[in-house]
Amino acid sequence: MLPISAQQMRIGYFSYDAVLKATPEYVSAKASIENLKKQYDSEIQFAEKDFNEKYENFIENLSGMASAIREKRQSELQSILERNIAFKKESERLLAKAEEEALTPLRNKLDNAIKALGSDNYVVILNTDNNAVPYINPMIGEDVTEILIDKIR
C-alpha cells in the first residue's frame, strides 16, 4: 500500500445527536413518544391515587376491623401495590422499545448517509458527541454536520 499524505487523509467529524435532532422525523418521533409517555404517566397517577384512597380508607377503618377482614384488605393493598410497580416497570420498557422502534429508521438513514459521504470523501468520520474527540487538527479535519443534515432531510 502507498502511504497516504496528510492532504489525502481527510477526516470528517460531526455530532450524531445534532444531526438526528435537526430532522423532521426526529421531531415527529419524539412527539409521538412524549404523547405515549403522557398516557402512561396519567395511568400511573390514576393507579397511585386509587391505591392511596384505598390505603387511607383502610387506615381510617383499621381499629374496628375484624382480623380476617384486615388481613384480606392488607393482601389486596399489597397486590395492588405490586401490580402498580409492575405496570410502571413495564411502561418504562415499552417506552424504551417504542423510542427505539421510532428512531431506528432514522438512525439507519443517517448511518447510510455517513457511509456514502465517507466512501466518497473521507478516510474516517468521527462522532464528536460526549467529548469523544476533544481535538481534531483543522488541517485534516472538516465538520460535516451540516452536510449530513442536508443528506438525510
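Now for the overall build of the protein chain. Within the protein chain, the regular secondary structure consists of four helices and three strands. Taken from the N to the C terminus, the helices and strands of the protein chain come in the order β-α-α-α-β-β-α. The C-alpha radius of gyration computed for the protein chain amounts to 27 Å, which surpasses the reference 15 Å derived for 153 residues by more than 25%, pointing to a less compact arrangement than a globule. Considering only C-alpha atoms, the protein chain reaches an extent of 90 × 25 × 25 Å along its principal axes. Counting only residues that meet the buried cut, the protein chain has 27% of its 153 residues in that class. Restricting the contact set of the protein chain to residue pairs at least 6 apart, pairs at least 24 apart contribute 83%. Working note: accessible area of the protein chain is about 10700 Å², and carbon and sulfur atoms make up 53% of it. Charge-centre separation for the protein chain: the mean point of 20 positive side chains lies 3 Å from the mean point of 25 negative side chains.

All right, on to the nonpolar core then. Ranked by internal contacts, the top residues of the largest apolar core, which has 18 residues, are Phe 14, Val 19, Leu 110, Ile 114, Ile 125, Val 144 and Leu 148. Within the residue set of this core, elements represented by two or more residues are α1 (16-21), α2 (24-60), α3 (67-121) and α4 (145-152). Ranked by residue count, the leading element in this core is α3, at six residues. Other than its neighbours up to four places away in sequence, Leu 110 contacts Tyr 16, Val 19, Leu 20, Leu 148 and Ile 152. Counting residues in each nonpolar core, the second largest holds five residues, with Phe 51, Phe 58, Leu 77 and Ile 80 among its members.

Criteria and cut-off values
- Residues numbered from 1 in each chain as written.
- Predicted model: local features only at pLDDT ≥ 70, side-chain atom pairs only at ≥ 80, totals over all residues.
- Heavy atoms only, no water.
- Helix = DSSP H or I, 4+ residues; strand = E, 2+ residues; numbered from the N terminus.
- Rg over C-alpha atoms; globule rule 2.2 N^0.38 Å.
- Buried < 20%, exposed > 50% of the residue type's maximum accessible area, 1.4 Å probe, protein only.
- Contact = heavy atoms within 4.5 Å.
- Areas by Shrake-Rupley, 256 points an atom, 1.4 Å probe, with all protein chains shown as cover.
- Lys, Arg positive; Asp, Glu negative; His and termini not counted.
- Charge placed at Lys NZ, Arg CZ, Asp CG, Glu CD.
- Core = buried A, V, L, I, M, F, W, Y, C linked by side-chain atoms within 4.5 Å.

The quantities given are spatial measurements derived from coordinates; they are silent on function.
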